[in-house]
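One letter stands for each residue in the lines below.
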Amino acid sequence: MNTHDAELNLSRPAHSGVYFVDEDDLDSMAAAAVREELSVIRVDLAHCHGKADLLRRMATALPLPADFGHNWDALADCLRDPVWQNAWGHALLFGHAADLRRADGLEFDILLGILDDAATFALEHERPFFAFLALPDTDHPDTQA
């Protein structure tokens, strides 16, 4: 996973990944994704308390299949194979990600792993996939996945 990258090019699948940004950066990331004709999905995590709440918000924000199972495996499958969205690449923007991290750090870490796996899968299939999580600099995870 990466933090700020001035050379980030959303048209290049090789740059796919999970990025931590400031809340103010989400609009510019969305605009950059639109310029590159990526699907842009926003997920607001303000006051998100854990897995069930997160999955509910994801199911609302993403046009997921009707049979979405509301569990980690189902989310991972949908993000790896996004047939639910007709686009050549995807940008997911998570506002207020610190709220989930503070409420349930374990579930936050699982989400990061799923997003990183989806980015790796997209890279292997030469599709851009970006996840931007808005976190204050003081809340960025210390390690990279």
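Residues numbered from 1 in each chain as written. Predicted model: local features only at pLDDT ≥ 70, side-chain atom pairs only at ≥ 80, totals over all residues. Heavy atoms only, no water.

Going by an unreviewed UniProt entry, the chain carries the name Barstar family protein and comes from Rhodanobacter glycinis. Under Sequence similarities (unreviewed entry), UniProt gives the following word-for-word description of the chain: "Belongs to the barstar family." (UniProt positions renumbered as here; feature names shortened; annotations may be inferred.)

Student: Whenever I open this one, the packing of helix α3 (residues 72–80) against helix α5 (residues 105–124) confuses me. Can you help?
Tutor: Between two packed helices, what matters for the description is the angle formed by their axes and the separation of those axes. With their axes 9 Å apart at the nearest point, α3 and α5 run at an angle of 30° to one another. Classified by the angle between their axes, α3 and α5 sit roughly parallel to one another. Regarding α3 and α5, the two cross each other, and that crossing is right-handed. Counting all contacts with α3, which are made through Trp72, Leu75, Ala76, Leu79 and Arg80, the residues of α5 involved are Glu107, Ile110, Leu111, Ile114, Leu115, Asp117, Ala118 and Phe121. Partitioned by chemical class, the residues of the contact of α3 with α5 number ten nonpolar, no polar and three charged. (Axes fitted to C-alpha atoms, helices over the stretch in contact; angles between N-to-C directions. Helix = DSSP H or I, 4+ residues; strand = E, 2+ residues; numbered from the N terminus. Parallel < 35°, antiparallel > 145°, perpendicular 65-115°, else oblique. Left-handed = near helix turned anticlockwise from the far one by under 90°. Contact = heavy atoms within 4.5 Å. Nonpolar A, V, L, I, M, F, W, Y, C, P; charged D, E, K, R; others polar.)

Student: Could you clarify how one ought to interpret the pairing of strand β1 (residues 17–21) in this entry?
Tutor: Both faces of the sheet carry side chains from a regular strand, because those side chains alternate between them. For β1, the tally of buried residues reaches five of five residues, placing the bulk of the element in the interior. Where burial is concerned, the two faces of β1 agree: the one with Gly17, Tyr19 and Val21 and the one with Val18 and Phe20 are both buried. Two strands pair when backbone bridges link them, and β1 and strand β4 (residues 129–134) are joined in this way by five bridges, in the parallel orientation. What sits directly across from Gly17, in β4, is Phe130. (Buried < 20%, exposed > 50% of the residue type's maximum accessible area, 1.4 Å probe, protein only. Pairing = 2+ DSSP bridges.)

Student: For this particular structure, what's the right way to read the pairing of strand β2 (residues 39–44)?
Tutor: Of the two faces of β2, the one holding Ser39, Ile41 and Val43 is buried and the one holding Val40, Arg42 and Asp44 is not buried anywhere. Examined bridge by bridge, β2 and strand β3 (residues 90–95) share six bridges and lie parallel to one another. Bridge pairing in β3 links Arg42 to Leu93.

Student: Mind showing me how you'd approach unusual backbone geometry here?
Tutor: Glycine aside, the phi torsion of most residues is negative, and most peptide linkages are trans. Notably, His47 is not glycine yet its phi reads approximately 60°, a positive angle. As for its position among the elements, His47 is in the loop between β2 and α2 (51–61). On the basis of relative accessibility, which here comes to 58%, the residue His47 falls in the exposed class.

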